[in-house]
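Remarks on the overall topology
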Amino acid sequence: KRVAILISGGGSNMVRLVEAMTGDCPARPCLVLANVPGAGGLARAQALGVPTALVDHKPFGPDRAGFETALTAELDKAQPDIIALAGFMRVLTERFVTRWQGRMLNIHPSLLPKYRGLNTHARAIEAGDAEAGCTVHEVTAELDDGPILGQARVPIRPGDTPETLAARVLEQEHRLYPAVLCRFAAGDRRPLRVP
Ligand code: GRF
């Protein structure tokens, strides 16, 4: 399966996904696309030999459809079978999501259905939760709400800040996402829980 990875920043999840798409994992990266000029992940993707593209969302302003038309033009060139959102910070319209329904994944840094949206770590700490984690899910029109494909849990420790917790969760994201993507590419949609 050909996989396009969409990023907005450093692309640490993208790097792990690309590194995992070898051997008997039935997926190969065909494109890394960023919506932010200078996103660190673009240089990292190039260093890994993966084709890249930039579609800056800023010139489109509130015109989400216009941005997605440009995005789709780049995707059409790469012909992906699967889209993996990895630190991609744009909300996609229902039209785009519907077109990719069942073939688009996202990783979210919380144990969904808890803490959809932003600032997930601060909210978990604030709530006094004993644990936090990350979720890989299929993308649907509802933000952070599609079928769950995998989760990983970490303890929240006394004295944790959103930063220390984010770092602990990110380590698990880097383990969970590649495992889920390779299974998904093989047609296995059973939820995966990594200990
Ligand atoms: C991180 O906060 C991660 O939890 C979320 O996206 C952000 C950046 O990830 N998935 P990456 O390093 O760009 O993959």
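Residues numbered from 1 in each chain as written. Predicted model: local features only at pLDDT ≥ 70, side-chain atom pairs only at ≥ 80, totals over all residues. Heavy atoms only, no water.

**Quick word on the pattern of salt bridges**
Rules: Criterion for a salt bridge: a side-chain nitrogen of Lys or Arg within 4 Å of a carboxyl oxygen of Asp or Glu. What counts as a helix is a DSSP run of H or I of at least four residues, what counts as a strand is a run of E of at least two, and both are numbered from the N terminus. Only protein chains enter the accessibility calculation, which uses a 1.4 Å probe. A residue is then buried if its area is under 20% of the maximum for its type, exposed if over 50%, and partly exposed in between.
One pass over the structure, following the stated rule, counts nine salt bridges. The partner of aspartate 129 in a salt bridge is lysine 114, and the shortest N-O contact between them spans 3.1 Å. Of the two residues, aspartate 129 is situated in the loop between α5 (120–126) and β6 (131–138) and lysine 114 in the loop between β5 (104–108) and α5; the sequence distance between them amounts to 15 residues. Aspartate 129 sits in the buried class, given a relative accessible area of 16%. The exposure class of lysine 114 is partly exposed, given its relative accessible area of 42%. Here arginine 153 ties to glutamate 131 by a salt bridge, and the two come within 3.5 Å at their closest N and O atoms. Of the two residues, arginine 153 sits in strand β7 (residues 148–155) while glutamate 131 sits in strand β6, which places them 22 residues apart along the sequence. A residue is classified by how much of its surface remains accessible, and arginine 153, at 32% relative accessible area, is partly exposed.

**Description of the sheet that holds β5**
To summarise the sheet geometry, strands pair through backbone hydrogen bonds and adopt either a parallel or an antiparallel arrangement. As a reminder, the rule being used: Should DSSP find at least two bridges between two strands, the strands are regarded as paired. Whenever a helix is involved, its axis is fitted only over the stretch in contact; in every case the axis is a line through C-alpha atoms, and angles between N-to-C directions fall within 0 to 180 degrees.
The sheet built from eight strands is open, its strands ordered β3-β2-β1-β4-β5-β6-β7-β8 with mixed pairing. Each of the sheet's edge strands pairs with one partner strand only, and the pair in question is β3 (52–54) and β8 (192–194). Sheet twist, expressed as the mean angle between neighbouring strand axes with direction ignored, is 20 degrees. Sheet topology places β5 next to β6; four bridges connect them, and they run antiparallel.

**A look at the pairing of β7**
Keep this limit in mind: Look down the strands so they point away from you; if the path from the first strand over the helix to the second goes clockwise, the crossover is right-handed.
Bridging between β6 and β7 involves seven bridges; their strand directions are antiparallel. Paired with cysteine 134 across the bridge in β7 is alanine 152. Pairing geometry for β7 and β8, over three bridges, is parallel. Residue pairing across strands places glycine 150 opposite leucine 192, the latter belonging to β8. After leaving β7, the chain enters helix α6 (residues 162–185) and then returns to the sheet as β8, a path that is left-handed.

**Notes on the confidence of the model for the protein chain**
The condition that has to hold: Each residue carries a pLDDT score, the predictor's own confidence in it, on a scale running from 0 to 100.
For the protein chain, per-residue confidence averages 97 on the pLDDT scale, and residues scoring 70 or more make up 99% of the total. Across the predicted assembly, pTM comes out at 0.96 and ipTM at 0.94.

**Looking at the packing of helix α1 (residues 12–20) against α6**
To keep things clear, this is the line we draw: For classification, angles of less than 35 degrees are called roughly parallel, those exceeding 145 degrees roughly antiparallel, those between 65 and 115 degrees roughly perpendicular, and all remaining angles oblique. Each helix crossing is assigned a hand: it is left-handed if the near helix lies turned anticlockwise from the far helix by less than a right angle, otherwise right-handed if that turn is clockwise. Two residues form a contact once any of their heavy atoms are found within 4.5 Å. Residues are sorted three ways: Asp, Glu, Lys and Arg are charged, Ala, Val, Leu, Ile, Met, Phe, Trp, Tyr, Cys and Pro are nonpolar, and all the rest, Gly among them, are polar.
The contact between α1 and α6 brings their axes to 9 Å, and the two run at 40 degrees. As the angle between them shows, α1 and α6 are arranged oblique. Regarding α1 and α6, the two cross each other, and that crossing is right-handed. Residues Ser12, Asn13, Arg16, Leu17 and Ala20 of α1 form the contact with α6, whose participating residues are Leu170, Glu173, His174, Tyr177, Pro178, Leu181 and Cys182. When its residues are assigned to classes, the contact of α1 with α6 shows seven nonpolar, three polar and two charged.

**Thoughts on the nonpolar core**
The test is simple: What makes a nonpolar core is a set of buried Ala, Val, Leu, Ile, Met, Phe, Trp, Tyr and Cys residues whose side-chain atoms join them at distances within 4.5 Å.
Formed by 41 residues in total, the largest nonpolar core has its most connected members in Val3, Ile5, Met14, Leu17, Met21, Val136 and Tyr177. Looking at this core element by element, the count peaks at nine residues for α6. Ignoring sequence-local partners within four residues, the contact set of isoleucine 5 consists of Met14, Leu17, Val18, Met21, Leu31, Val32, Leu33, Ala84 and Ala86. Counting residues in each nonpolar core, the second largest holds 20 residues, with Val55, Ile83, Phe96 and Val139 among its members.

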